[in-house]
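# Commentary on secondary and tertiary structure
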Amino acid sequence: GTTLDLPFFRRFLDRATTVLVAHAAYLTDLDAAIGDADHGSNLKRGFGSAAQAVADAGPTTPGALLTTVGVHLTNTVGGASGPLYGTVFRRMGKILGEDAEVAPETLGRALAAAVASVRRLGDSAPGDATMVDALQPATDAYITALGERRDTAAALKAAAEAARTGAEATIPLQARRGRASYLGERSIGHQDPGATSTALLITALYEATDP
Ligand code: ADP
Ligand code: MG
Ligand code: MG
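A brief structural summary. Numbers given to residues run from 1 along each chain, matching the order in which its sequence is written. Written order decides the labels, with chains lettered from A and ligands numbered from 1. In keeping with the predicted nature of the model, local features appear solely for residues at pLDDT of at least 70, side-chain atom pairs appear and are counted solely at 80 or more, and the whole-chain, interface and lining totals rest on all residues.

## Points about the overall build of the protein chain
We apply this condition: Strands are runs of DSSP state E lasting at least 2 residues, helices are runs of H or I lasting at least 4, and numbering of each runs from the N terminus. Computation of the radius of gyration draws on C-alpha atoms alone. For the globule rule, the value is 2.2 Å times the number of residues to the power 0.38. Note on contacts: residues are paired as contacts if their backbone-placed C-beta atoms lie within 7 Å.
Looking only at helices and strands, the protein chain features 9 helices and 2 strands. Put simply, the protein chain runs from its N terminus to its C terminus through helices and strands in the order β-α-α-α-α-α-β-α-α-α-α. Its C-alpha radius of gyration of 16 Å places the protein chain within 12% of the 17 Å reference for a compact globule of 211 residues. Once the C-alpha set of the protein chain is aligned to its principal axes, its extents read approximately 45 × 40 × 30 Å. Of the contacts formed within the protein chain by residues at least 6 apart in sequence, a portion of 64% connects residues at least 24 apart.

What follows is the structure, given as structure tokens:
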């Protein structure tokens, strides 16, 4: 089975950084259509800085690792997504606390707290065509799967699938928050960049179950 320990979260951060760098041009293209063409470069810079900080700081718990990532995302990503992703990681880090091994249910509580803080900070809800449209269904799918007594890897797989489906479901939506909302109806027909990067991040979390 999967152990949600420090090596798991290190694998997550490695995979997240790799996949965001590999998809930076794609994310920036999505943002070029309905925003200011910087989402990929923002995240590439932010996760590069966060991964370097984790390598330098040597956190000894999952919570400390996520908190370090969050602080660096807030400081280096910029734009709307920097403070929002910063909040996600810092909030999760706080909920994981000092535990050396995170219980699967605790990860569920951390995801739920993270999506609640994004919704509060961004004044956003599902259906607004933002990262919430991937993060909320991913969180719900993970918690539901655990409730059905599925193991951690299966629950994270369900979360990754829900995040991808949620990101794709932003295509027909009109953006209600962020720069894309300035386009009004012209935002319809485009996949939200932040929902897309969230789906990549949740997929990295699932892939970290495979050492
Ligand atoms: P910016 O739009 O400031 O250039 P990014 O391009 O890095 O920042 O990130 C844009 C993404 O941030 C959007 O695609 C959307 O998913 C997310 N976003 C923007 N505003 C909000 C908000 N108020 N609530 C939730 N997510 C938001
Ligand atoms: Mg942008
Ligand atoms: Mg910008």
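## Some details on the nonpolar core
Soluble globular proteins tend to bury their nonpolar side chains together. So the rule is basically this: Joining buried Ala, Val, Leu, Ile, Met, Phe, Trp, Tyr and Cys residues through C-beta atoms within 7 Å gives a set, and that set is a nonpolar core. Field definition: a residue is buried when 20 or more other C-beta atoms are found within 10 Å of its C-beta, exposed when 12 or fewer are, and partly exposed for counts in between, with C-beta atoms placed from the backbone.
One finds Ala138, Tyr142, Ala159, Ala163 and Ile202 to be the most contacted residues of the largest nonpolar core, which totals 60 residues. With residues near it in sequence (within four places) discarded, Ala159 still touches Ala138, Ala141, Tyr142, Ile202 and Tyr206. Counting 5 residues, the second-largest nonpolar core is a separate cluster that includes Ile34, Ala129, Leu173 and Ala180.

## Some remarks on helix 4 (residues 62-76)
To keep things clear, this is the line we draw: Take the number of residues in a helix, subtract one, and multiply by 1.5 Å to get its expected span.
Under the 1.5 Å per step criterion, the end-to-end length of helix 4 is 21 Å for 15 residues, consistent within 8% with the ideal 21 Å. What helix 4 keeps buried is the set Pro62, Gly63, Leu65, Leu66, Thr67, Thr68, Val69, Gly70, His72 and Leu73. Next to the buried residues of helix 4 lie strand 1 (4-5), helix 1 (6-22), helix 3 (39-57), helix 5 (81-96) and strand 2 (101-102). At the C-terminal side of helix 4, Gly78 shows a positive phi close to 75°.

## Topic: the environment of Ala33
Among the structural elements, Ala33 can be located in helix 2 (residues 24-34). Measuring from C-alpha to C-alpha, the distance between Ala33 and Asp192 comes to 9.5 Å, with 159 residues separating the pair along the chain.

## Considerations on the site of ligand 1
Just so we agree on the cut-off: To decide nearness, the C-beta atom of each residue is placed from the backbone, and the residue is near a molecule or strand if that atom lies within 6 Å of it. In the scheme used here, Gly and all other residues not listed as nonpolar or charged are polar, with Ala, Val, Leu, Ile, Met, Phe, Trp, Tyr, Cys and Pro taken as nonpolar and Asp, Glu, Lys and Arg as charged.
The local shell around ligand 1 holds 24 residues, among which Gly79, Gly122, Thr130, Gly178 and Gly194 are the closest. If you list the elements that add at least two residues to the shell around ligand 1, you get helix 3, helix 5, helix 6 (104-122) and helix 9 (193-207). The element that contributes the greatest number of residues to the shell around ligand 1 is helix 9, accounting for 3 residues. Counted by class, the shell around ligand 1 contains 7 nonpolar, 10 polar and 7 charged residues.

## Let's talk about the packing of helix 4 against helix 5
Worth spelling out the cut-off: Convention adopted: a line fitted to C-alpha atoms gives each axis, helices being fitted over their contacting stretch, and angles between N-to-C directions are expressed from 0 to 180 degrees. Orientation categories follow fixed angle ranges, with anything under 35 degrees roughly parallel, anything over 145 roughly antiparallel, 65 to 115 roughly perpendicular, and all other angles oblique. Two helices cross in a left-handed way if the nearer one is turned anticlockwise from the farther one by less than a right angle. They cross in a right-handed way if the turn is clockwise.
Helix 5 packs onto helix 4 with a crossing angle of 165° between their chain directions and a minimal axis gap of 7 Å. With respect to their mutual orientation, helix 4 and helix 5 come out roughly antiparallel. Once helix 4 is placed against helix 5, the crossing between them reads as left-handed. Only Gly82, Pro83, Tyr85, Gly86, Phe89, Arg90, Met92, Gly93, Lys94 and Leu96 of helix 5 make contact with helix 4, whose side of the interface consists of Pro62, Gly63, Ala64, Leu66, Thr67, Val69, Gly70, Val71, Leu73 and Thr74. For the contact of helix 4 with helix 5, the class distribution of residues is 11 nonpolar, 7 polar and 2 charged.

## Topic: unusual backbone geometry
If you check the backbone angles, Ala37 has positive phi at about 60° while not being a glycine. By the secondary structure assignment, Ala37 is in the loop between helix 2 and helix 3. You can call Ala37 partly exposed: it has 15 C-beta atoms within 10 Å. The phi torsion at Asp123 lies on the positive side, around 50°, for a residue other than glycine. Mapped onto the secondary structure, Asp123 falls in the loop between helix 6 and helix 7 (132-147).

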